[in-house]
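A look at the structure
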Amino acid sequence: RSSDLVRKDVRAILNKMCLVYPASKMFIFIMEGTKSKNSKQRAECLEELGCLVESYGVNVCQPTPSKALKEIAVHIGDRDTTVRNAALNTIVAVYNVHGEQVFKLIGNLSEKYLSMLEERIKRSAKKPVAAAVPARQAEEKPQRPSSANPNAS
């Protein structure tokens, strides 16, 4: 399918952009996409935010993890199933990195949404790795290889 190919290519581009720009900056831009009227775009942006958290840890969440998670948690109440699932999956990704503290970061959730989140966490069956240090820091940029051209300045 061409739409799957486009989605794969866009994800590859976003991953490459994290090599150039700090992941925390990319988080802010992708977070803007969750405000779209298009439910498919909201869902894909939420999924990508989850990938960023898995790769770079909870400190990638900007402006603060608490504010970002509260904004993501709003989408648990979305009328579109894919958006709801993407929001739940993103919060589960934070739970897998940060553990039970995710509930403090989110703050108040309605009983309905809280039970949906708890059920999704149970079904994810991954234990939190709160003590583990993320492989890459949110602000870290890899060193670019130096040019092989001796005439380069």
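Up top is the structure these notes are about.
Scope of this entry: the structure provided in the associated data block. (Residues numbered from 1 in each chain as written. Predicted model: local features only at pLDDT ≥ 70, side-chain atom pairs only at ≥ 80, totals over all residues. Heavy atoms only, no water.)

Moving on to the layout of surface pockets. The computed volume of the largest pocket comes to approximately 210 Å³. Every residue lining the largest pocket is listed: Ser-3, Arg-7, Val-10, Arg-11, Leu-14, Ile-30, Lys-40, Gln-41, Glu-44, Cys-45 and Glu-48. Of all the elements in the fold, those that place two or more residues in the lining of the largest pocket are α1 (2–20) and α3 (39–56). Here the lining of the largest pocket is composed, by residue class, of four nonpolar, two polar and five charged. (1 Å grid on protein atoms, 1.4 Å probe; cavity = no way out; pocket = protein on both sides within 12 Å on 5 of 7 lines; lining within 4 Å. Points joined across faces, edges and corners; volume = space filled by probe spheres on them. Helix = DSSP H or I, 4+ residues; strand = E, 2+ residues; numbered from the N terminus. Nonpolar A, V, L, I, M, F, W, Y, C, P; charged D, E, K, R; others polar.)

What follows concerns the pattern of salt bridges. In this structure the tally under the stated criterion is seven salt bridges. Two residues, Arg-7 and Asp-4, come together in a salt bridge whose shortest N-O distance is 2.7 Å. Linking Arg-7 with Asp-4, this pair stays in helix α1, spanning three residues, or about one helical turn. Taking the shortest distance from any N to any O, the salt bridge between Glu-32 and Lys-35 comes out at 3.0 Å. Relative accessible area serves as the criterion here: at 45%, Glu-32 is assigned to the partly exposed category. Among the residues examined, Lys-35 registers a relative accessible area of 54% and is labelled exposed. Among the charged side chains, a network of salt bridges with common partners joins Asp-4, Arg-7, Arg-11, Glu-44 and Glu-48. (Salt bridge = Lys/Arg side-chain N within 4 Å of Asp/Glu carboxyl O. Buried < 20%, exposed > 50% of the residue type's maximum accessible area, 1.4 Å probe, protein only.)

Turning next to the packing of helix α5 (residues 81–98) against helix α7 (residues 111–124). Contact geometry for α5 and α7: axes closest at 10 Å, N-to-C directions at 60 degrees. One finds that α5 runs oblique with respect to α7. Between α5 and α7 the crossing geometry is right-handed. Where α5 abuts α7, its residues Arg-84, Asn-85, Leu-88, Asn-89, Ile-91, Val-92, Tyr-95 and Asn-96 lie against Met-116, Leu-117, Arg-120, Ile-121 and Ser-124. A per-class count over the contact of α5 with α7 returns seven nonpolar, four polar and two charged. (Axes fitted to C-alpha atoms, helices over the stretch in contact; angles between N-to-C directions. Parallel < 35°, antiparallel > 145°, perpendicular 65-115°, else oblique. Left-handed = near helix turned anticlockwise from the far one by under 90°. Contact = heavy atoms within 4.5 Å.)

Counting 34 residues, the largest nonpolar core has Phe-27, Leu-52, Val-60, Leu-69, Ile-72 and Ile-91 as the members making the most contacts within it. Leaving out residues up to four positions away in the same chain, Leu-52 has contacts with Cys-18, Ala-23, Met-26, Phe-27, Ile-30, Gly-57 and Val-60. (Core = buried A, V, L, I, M, F, W, Y, C linked by side-chain atoms within 4.5 Å.)

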